[in-house]
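Results of the structural survey
Spelled out, the chains give:
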Amino acid sequence: CEFNSDSVIPIIEEALSTVSEDCEAEIAFFGGSFTGIDRNLMIRLLEIAYSYVKSGRVSSIRCSTRPDYINPEILDILEKYKVKVIELGLQSTDENVLLLTKRNHTFEEEKMACELIVKRGFQLVGQMMIGLPSSNLESEEKTADFIISSGALGARIYPTVVFRDTELCNMSISGEYTPITLDEAITRSARVMQKFINAGVKVMRVGLCSSENLRSEETYYMGPNHPALGELVENEVYYNLINEKLSLSHSDNYDKITVNVAKGMLSKAIGQKKKNKVRLMERYKLKEIVFSENSN
């Protein structure tokens, strides 16, 4: 059946009814390549969204798309309707990974798309994936480096999850592709996240949105689809940082240490089920480790 663009108005209205008037709201077109849909439909949806911006009920518009659906004409349209943020599915900068995953674009096209977006004054967010066929930590870190160097203000990290009735699922069944484990996803995502943190690029999300549809047996086949994946990755980032500090402080000379963290970060530093605390005590043969919040 044909999609009725006017059906989005009740959805927007319902969402706005749940937030206070002084809250900064945004309309986002996610879940696919927005600039690759029928042009008339895209413009109609932008018209609806822009009417909320003009009325002051919504502050901005963002959309997600692919590098091969970015060109000057498309950016003209997005600019006309005051789209502020463009999230680009870069996934990987490795040509072999792009080929195996049938992304239908090259790294050169990724570069051109990013350059166009930033040059035209849009805010860029790079979406990348961990554990794609033939990818490894080295190629993933290179992808993160590219997102940083391209001028992105934000990033999303998605460890690869296999869903049923997909080509990737068939590759998994045949043994052609093996998804990474949860531990691998945490370790590799933490390394990438640290790069973004060091560069001042905000990590907006790690892992898929937690929903029944994405976790049901009818949909999910295998891979690191954990409801608290983002938190586990942040725990690992803290563990790596504390390890780095301890390795520089001759920790073998101490049996008790105190770790100061920013306010509100205590649980992330200690780790789920005190995992970081336990690992650090065992690794450095500590008698005691104290985690403390510090406003400095």
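Structure's up top.
Below you will find a few notes about this structure. (Residues numbered from 1 in each chain as written. Predicted model: local features only at pLDDT ≥ 70, side-chain atom pairs only at ≥ 80, totals over all residues. Heavy atoms only, no water.)

Description of the environment of Glu138
Rule in force here: The helix count covers DSSP runs of H or I at least four residues long, the strand count covers runs of E at least two residues long, and both are numbered beginning at the N terminus. Note on exposure labels: buried denotes an accessible area under 20% of the residue type's maximum, exposed denotes more than 50%, and partly exposed covers the range between, all computed with a 1.4 Å probe on protein chains only.
Locating Glu138 in the fold gives a position in helix 6 (residues 137–149). The exposure class of Glu138 is exposed, given its relative accessible area of 52%. Linking Glu138 and Phe107, residues 31 residues apart in sequence, is a C-alpha distance of 16 Å.

Brief notes about the layout of surface pockets
The cut-off we apply is this: Lining residues are those with an atom within 4 Å of a point, where the points come from a 1 Å grid over the protein atoms alone and group into cavities, where a 1.4 Å probe fits but cannot get out, or pockets, open sets with protein on both sides within 12 Å along at least five of seven lines. Grid points are joined across faces, edges and corners, and a volume is the space filled by probe spheres set on the points. Each residue gets one label: Ala, Val, Leu, Ile, Met, Phe, Trp, Tyr, Cys and Pro are nonpolar, Asp, Glu, Lys and Arg are charged, and the others, such as Gly, are polar.
By volume, the largest pocket amounts to about 1000 Å³. Lining the largest pocket we find 35 residues, and of these Gln91, Arg103, Gln127, Met129 and Tyr158 sit closest to its centre. Each residue belonging to the lining of the largest pocket can be placed in one class, and the counts come to 15 nonpolar, 12 polar and 8 charged. Considered as a void within the structure, the second largest pocket measures approximately 340 Å³ in volume. Lining the second largest pocket are 14 residues; nearest its centre among them are Ile12, Ala15, Glu26, Ile27 and Ala28. The set of elements that each furnish at least two residues to the lining of the second largest pocket consists of helix 1 (8–16) and strand 1 (26–29). The greatest single-element share of the lining of the second largest pocket, amounting to 5 residues, is contributed by helix 1. In terms of residue class, the lining of the second largest pocket is made up of 12 nonpolar, no polar and 2 charged.

Considering the packing of helix 10 (residues 229–247) against helix 12 (residues 275–284)
For any two helices packed against each other, one specifies the inter-axial angle together with the distance between the axes. Let me state the cut-off plainly: For helices, the fitted line uses only the C-alpha atoms of the stretch in contact; every axis is such a line through C-alpha atoms, and the angle between N-to-C directions lies from 0 to 180 degrees. Working definition: roughly parallel below 35 degrees, roughly antiparallel above 145 degrees, roughly perpendicular at 65 to 115 degrees, and oblique for all remaining angles. Crossing handedness is read from the near helix: turned anticlockwise from the far helix by less than a right angle, it gives a left-handed crossing, and turned clockwise, a right-handed one. Contacts are assigned to residue pairs that have any heavy atoms within 4.5 Å of one another.
Between helix 10 and helix 12, whose axes approach to 10 Å, the crossing angle comes to 25°. The angle between helix 10 and helix 12 places the two elements in the roughly parallel class. The way helix 10 lies across helix 12 gives a crossing that is right-handed. Between helix 10 and helix 12, the contacting residues are Asn235, Glu236, Tyr238, Tyr239, Ile242, Asn243, Leu246 and Ser247 on the first element and Asn276, Arg279, Leu280, Arg283 and Tyr284 on the second. Residue composition of the contact of helix 10 with helix 12, grouped by class: 6 nonpolar, 4 polar and 3 charged.

Brief notes about the sheet that holds strand 3 (residues 83–91)
Spelled out, the test is: At least two bridges found by DSSP between two strands is the condition for calling them paired.
Read across the sheet, 6 strands follow the order 1-2-3-4-5-7 without closing on themselves; strand pairing throughout is parallel. Strand pairing shows two members of the sheet lacking a second neighbour, strand 1 and strand 7 (202–206), which therefore form its edges. For this sheet, the mean angle separating the axes of adjacent strands, direction not counted, is 20°. Strand direction decides the pairing type here: strand 4 (residues 123–130) and strand 5 (residues 154–159), joined by 6 bridges, are parallel. Residue pairing for strand 5: Gln127 is matched across the bridge by Arg156.

Brief notes about the pattern of salt bridges
Put simply, the rule reads: When a carboxyl oxygen of Asp or Glu is within 4 Å of a side-chain nitrogen of Lys or Arg, the pair counts as a salt bridge.
In total, this model carries 20 salt bridges according to the counting rule given. For Glu167, the salt bridge is made with Lys102, and the minimal N-O distance between the two is 2.6 Å. Taken together, the positions of Glu167 in helix 7 (residues 167–174) and Lys102 in the loop between helix 4 (95–100) and helix 5 (107–119) put the pair 65 residues apart, joining distant regions of the chain. Between Glu138 and Lys142 there is a salt bridge; the shortest N-O distance is 3.7 Å. A residue pair is termed a helical-turn pair when its members lie 3 or 4 positions apart in one helix, as Glu138 and Lys142 do in helix 6 at 4 residues. Classification of Lys142 as partly exposed rests on a relative accessible area of 49%. Taken together, the shared-partner salt bridges connect Glu26, Arg62, Glu87 and Arg156 into one network.

Some details on the state of the cysteines
Keep this limit in mind: Only a pair of cysteine sulfur atoms within 2.5 Å counts as a disulfide in this structure description.
Taken as a whole, this structure holds 0 disulfides when the rule is applied. Cys63 takes part in no disulfide bond, and the closest cysteine sulfur to it belongs to Cys114, at a distance of 13 Å. Looking at Cys63, the relative accessible area reads 1%, which means it is buried.

Considerations on the pairing of strand 5
Our working definition: When the strands point away from the viewer, a crossover counts as right-handed if the path from the first strand over the helix to the second runs clockwise.
Counting buried positions along strand 5 yields 6 of 6 residues, so the element is predominantly enclosed. Burial along strand 5 is two-sided: Gly154, Arg156 and Tyr158 facing one way and Ala155, Ile157 and Pro159 facing the other are all buried. A crossover connection joins strand 4 to the parallel strand 5 through helix 6; in handedness this β-α-β unit is right-handed. As defined by bridge partners, strand 5 adjoins strand 7 across 4 bridges and the pair is classed as parallel. If you follow Ala155 over to strand 7, its bridge partner there is Val203.

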